[in-house]
Protein chains: 2
Amino acid sequence: MDRLTKFRDEMKKNGIDAMVIYNLEGSDQPSTWYISGFSGTHSLVFISQENAYISTDSRYFTQVKEQSSFTMFPITSDKRVKDILKFFIEKEEAKILGYNASNISVKLYNSLFGDLDIEEIKDCESIIQNMRMIKDSEEIKNMEKAIKISEDALQETLNHIKPGKSETEVCARLEYEMKMRGGELAFPTIAVSGARSALCHGKPSNKKVKEGEFLLFDFGARYNGYCADITRTFSVGTPSDEMVKIYDIVYEAQVKSVQAAKAGVIGADLHNVAWEIISDAGYGDYFGHGLGHSLGMDTHDGAGASPSNKKEIPEGAVITIEPGIYLPEKFGVRIEDDVLFLKNKNKVLTNFDKKLMII
Amino acid sequence: MDRLTKFRDEMKKNGIDAMVIYNLEGSDQPSTWYISGFSGTHSLVFISQENAYISTDSRYFTQVKEQSSFTMFPITSDKRVKDILKFFIEKEEAKILGYNASNISVKLYNSLFGDLDIEEIKDCESIIQNMRMIKDSEEIKNMEKAIKISEDALQETLNHIKPGKSETEVCARLEYEMKMRGGELAFPTIAVSGARSALCHGKPSNKKVKEGEFLLFDFGARYNGYCADITRTFSVGTPSDEMVKIYDIVYEAQVKSVQAAKAGVIGADLHNVAWEIISDAGYGDYFGHGLGHSLGMDTHDGAGASPSNKKEIPEGAVITIEPGIYLPEKFGVRIEDDVLFLKNKNKVLTNFDKKLMII
């Protein structure tokens, strides 16, 4: 069943006559791209049971026709977004609308949906979220390409790292290598070393990389709309015994979690596989985040392997598996793969070696 | 008068007891940074006439204390954001709250502000927007630094451009050079050549740069929270007569608009300075955007020199001046400087030569 047909089935179940997706400056780009094929940063999508429309401005008139099979209505200075929305509502006789509540600001909501001749408007973002969580083979190919770009870039970057280079410099190199291979950035790169590797979401700084430190990269390319998300932690020169010990615990937790990954597993249960290993080793207090999240057109693309997710992870989901231990003021280790959940098994999409590597 | 004092004066004029700024994954980072000093990506700011509070999670406990003078309340698994907000409201006996309606999604608004014991909550984003539009000397220094990083990076990038390189490759180089100089990206870089230079917001592609084409860069670094925004259009090899003619028109429009820039000028009037020159030359239909926008902690930081802005541009504003002519399927030219508006004069913050340069 194609996406639009499935989406319309879900619209019926949710009791809405039409779905509105407004994408301003990329605010709802992934869902727009997913359902309509249009990858630009400004559009109004309107889907009823009979018709599917897309509006955009003059920057994108050519692109939208190339990318989308939806019927195009141009946004102009005479026909603004609100006028076009009213026209769609009237034409399709839509009384109950759905929208994505996470991807529209209160200000935009009021200006777009205020003063409409409708009965009700309701948040239906779960429709597209649930659909986007389950990837088809074309989507997996895009993710594999994003991962290959990321891994090739990391491999090349390793040739340019030496003590005395700053985190900012090695980060700039890694991002450059991804872009040279046709990737965009899936998210701002984390490149942190020494005590700063204990900062889960540390920004690269002008701190210089030193011998005997960990250097942690959490990074990923975006290709054709799909994201990679990979973490590797390297030892710059010979690691201390404590560094090796912590790395080994995280490595074991990561490998065992990957082994337990398959369609149908409860998110929280999978998290616990890693948590128990780390906790039994005495470091439970230093693993403060969830084991992983769904990945796709967004970096956090739905529920994943977190303590709060009591649902089964469905077949076709791609979830990151990324345990870590962070010893404040000392160092941190995290290892992250992107894993496709299948019936009774999984496929690890990332290929970069994850054993402790000295660079 | 310091920022917080001025902000509290404006709160009184707007009739609110307290202002709430919620910043999730950087959703309201610039305003949070501006008023509290905290530059992280997760915080709840609460300002009353007597007190100013900031809450963040464990990633930022150290950083928030270093950066902000506001009283810190930690967000933990026991004390979540909503609990903390309720505590602030009760403690400060706040009945009328203000918030920024453009920087919070409907979903977040409902979960944060639903079910509170208050009388009213109203959009007060104009308070901080108006304050942020007028820059002090420290802010101008940051912008000058962001501009210097951008211009040095562009100068270096010119050494790496030759026919046969793709737009993506030269874009990757420019971004790399900005990052190597300590800049983040203010916005996604536009690097487009040949017929693609006629796309106002074109994304770099794998199209190769060729002799006899324009190559247009619209780019900028962000430094210490402040953005540069610069456009230069270069001729790769010898330009055609038509290319020279169009460049000269845009150049004249840009120079004359800069000459007319000073505090007190009406935004639309300044736009018209450029528009009349371009229109008189017969290309009015090919200059489809506003002359410029306010610049600061956001790339579009308030009203600027657009046809719709009937207000005076205040002293201390930094506005981009960026006329362009775009001939579909042929080429486009845009030249953009960042201009500080002063009493009876202005200061052009950008320094990169803007005469037609053959590379």
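Scoring rules and cut-offs
- The written sequence of each chain sets the order in which its residues are numbered from 1.
- Working convention: letters from A go to chains and numbers from 1 go to ligands, in the order in which they are written.
- Only residues with pLDDT of at least 70 are given local features in this predicted model, and only at 80 or more are side-chain atom pairs given and counted; all residues enter the totals for whole chains, interfaces and linings.
- In computing side-chain properties, one takes all heavy atoms of the structure into account and sets aside hydrogens as well as water.
- Going along the chain from the N terminus, every DSSP run of H or I of four or more residues is numbered as a helix, and every run of E of two or more is numbered as a strand.
- Note on classification: 1.4 Å probe, protein chains only; a residue is buried when its accessible area is under 20% of the maximum for its type, exposed when over 50%, partly exposed between these limits.
- The protein chains shown are the only cover counted for residues, whose accessible areas, like all others here, come from Shrake-Rupley with a 1.4 Å probe.
- Residues counted as positive are Lys and Arg, residues counted as negative are Asp and Glu, and His and the chain ends are not counted.
- Charge positions are represented by NZ for Lys, CZ for Arg, CG for Asp and CD for Glu.
- Each reported salt bridge corresponds to a side-chain nitrogen of Lys or Arg within 4 Å of a carboxyl oxygen of Asp or Glu.
- As used in this structure description, the phrase polar contact means that two N or O atoms lie within 3.5 Å; if the pair is within protein, one of them must be able to donate a hydrogen and the other to accept it, and residues adjacent in sequence are counted only when both atoms belong to side chains.
- Contact criterion: two residues are considered in contact whenever any of their non-hydrogen atoms come within 4.5 Å of each other.
- A least-squares superposition brings the copies together, and it is based on the C-alpha atoms of residues with pLDDT no lower than 70 in both.
- When DSSP finds at least two bridges between two strands, those strands are taken to pair.
- Each axis is a line fitted through C-alpha atoms, taken for helices only over the stretch in contact, and angles between the N-to-C directions span 0 to 180 degrees.
- What gets called buried area is simply the loss in accessible area from a 1.4 Å probe that two parts show on being joined, summed for both.

Brief notes about the overall build of chain A
In terms of helices and strands, chain A carries 10 helices and 17 strands. Considered along the principal axes of its C-alpha atoms, chain A spans approximately 70 × 40 × 35 Å. Within chain A, the fraction of its 359 residues that count as buried is 56%. In the structure as shown, chain A presents an accessible area of about 15100 Å², 48% of it carried by carbon and sulfur atoms. Taken as two groups, the 44 positive and 54 negative side-chain charges of chain A have centres that lie 3 Å from each other.

Points about the side chain of aspartate 28 of chain A
All names here are of chain A. Inspection of the secondary structure puts aspartate 28 in the loop between β1 (18–24) and α2 (29–36). We note that aspartate 28 is buried and unpaired, the nearest opposite charge coming from arginine 132 at a distance of 5.4 Å. In terms of polar contacts, aspartate 28 uses its side chain to reach the side chain of asparagine 100, at 3.0 Å. When sequence neighbours within four positions are dropped, the list of residues in contact with aspartate 28 reads Ile21, Tyr22, Asn23, Asn100 and Asn103.

Remarks on the relation of the copies chain B and chain A
Least-squares fitting of chain B to chain A yields an RMSD of 0.0 Å, with the superposition described by an axial translation of 0.0 Å and a rotation of 180 degrees. Expressed as a symmetry operation, the mapping of one chain copy onto the other fits a two-fold axis. Taking C-alpha positions as the reference, the residue of chain B nearest the rotation axis is serine 105 of chain B, at 2.0 Å. Interface overlap between copies: 100% of the residues of chain B at the interface are likewise at the interface in chain A, consistent with a symmetric, same-surface contact.

Details of the sheet that holds strand β7 (residues 184–185) of chain B
Taken in spatial order, the 3 strands make up an open sheet running β7-β10-β11 (chain B), and their pairing is antiparallel. With one partner strand each, in any of the chains shown, β7 and β11 (226–227) of chain B form the two edges of the open sheet.

Side note on the sheet that holds strand β6 (residues 120–123) of chain A
Residue and element names in this part refer to chain A. Spatially, the 6 strands line up as an open sheet ordered β4-β3-β2-β1-β5-β6, and their pairing is mixed. Looking at which strands have only one partner, the edges of the open sheet turn out to be β4 (71–74) and β6. Between one strand and the next, the sheet's axes are offset by a mean angle of 25 degrees, whatever the strand orientation. In the sheet, strand β2 (residues 42–48) pairs with strand β3 (residues 52–56) via 4 bridges, with the strands oriented antiparallel. Pairing of isoleucine 47 across the sheet is with alanine 52, part of β3. Lying on the sheet, helix α5 (residues 106–113) is in contact with β1, β5 (96–99) and β6; it crosses β1 at an angle near 130 degrees.

A word on the interface of chain B and chain A
Facing the 23 residues of chain B at the interface are 23 residues of chain A. Counting the surface lost from both chain B and chain A, the interface buries some 2100 Å², and carbon and sulfur atoms represent 58% of this. In this assembly, chain B and chain A are joined by 6 salt bridges. We note a salt bridge from glutamate 184 of chain A to lysine 203 of chain B, for which the minimum N-O separation is 3.1 Å. Broken down by secondary-structure element, the contributors of at least two residues to the side of chain B that touches chain A are α5 (106–113), α8 (167–180) and β7 of chain B.

Considering the pattern of salt bridges
Tallied over the entire structure, the rule returns 46 salt bridges over all chains. Salt bridges here are not isolated pairs; linked through shared partners, they connect Arg3, Asp136 and Glu139 of chain A.

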